[in-house]
Amino acid sequence: MAEGTKGLLSAWEDYRVEADEYRELDGERVLVLVHDGGRGKASGLEIGRIRGERAMVFHIRDGKVTRFVLYWDRHRALADLGLTSDGEGT
């Protein structure tokens, strides 16, 4: 794990990425809309959504992930894929 990532994660007692929605884009790609959540180590405070909503695109062939694309901005992912927030094409 990268040193910067280790430092970031050490502030959390419980850090997780949670899926909000799955969308099959075609026979080889799946879009997963996600958000981060967690509980602070020092405060014990539960944070439902941390630093925005993200998106992930998984390219799948023969049942295996062959490529993974992470979008730090969900709206950018939807725009790049020609989708709207309700799942329809533009």
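Residues numbered from 1 in each chain as written. Predicted model: local features only at pLDDT ≥ 70, side-chain atom pairs only at ≥ 80, totals over all residues. Heavy atoms only, no water.

Here we take up a nonpolar patch on the surface. A cluster of nonpolar side chains, Ile60, Val65, Phe68, Leu70 and Trp72, forms an exposed patch at the surface whose accessible area comes to about 490 Å². With 3 residues, strand β4 (residues 64–71) is the single largest residue contributor to the nonpolar patch. Within the secondary structure, Val65 sits in strand β4. (Patch = residues over 30% accessible without salt bridge, like charges linked within 9 Å, V, L, I, M, F, W, Y side chains within 5 Å. Areas by Shrake-Rupley, 256 points an atom, 1.4 Å probe, with all protein chains shown as cover. Salt bridge = Lys/Arg side-chain N within 4 Å of Asp/Glu carboxyl O. Helix = DSSP H or I, 4+ residues; strand = E, 2+ residues; numbered from the N terminus.)

Another point: the confidence of the model for the chain. When pLDDT is averaged along the chain, the result is 83, and 77% of the positions lie at 70 or above. Element-level mean pLDDT values for the chain span from 60 in helix α1 (residues 3–9) up to 97 in β4. (pLDDT = per-residue confidence, 0-100.)

Okay, the side chain of Arg74 next. If you trace the backbone, Arg74 turns up in helix α2 (residues 74–80). Within the local environment of Arg74, its side chain forms a polar contact with the backbone oxygen of Arg54, the two atoms lying 3.5 Å apart. If we skip the residues at most four places from it in the chain, Arg74 touches Asp20, Leu33, Val34, His35, Glu53, Arg54 and Ala55. (Polar contact = N/O pair within 3.5 Å; in protein donor to acceptor, adjacent residues only side chain to side chain. Contact = heavy atoms within 4.5 Å.)

By size, the foremost hydrophobic cluster in this structure holds 8 residues: Leu31, Leu33, Ala55, Val57, Tyr71, Ala77, Leu78 and Leu83. Discounting residues that sit within four places of it in the chain, Ala55 has contacts with Leu31, Val32, Leu33, Val34, Val69, Leu70, Tyr71, Arg74 and Ala77. (Core = buried A, V, L, I, M, F, W, Y, C linked by side-chain atoms within 4.5 Å. Buried < 20%, exposed > 50% of the residue type's maximum accessible area, 1.4 Å probe, protein only.)

Structurally, the position occupied by Arg76 is in helix α2. Along the sequence, Arg76 and Arg54 sit 22 residues apart, while their C-alpha atoms lie 9.2 Å from each other.

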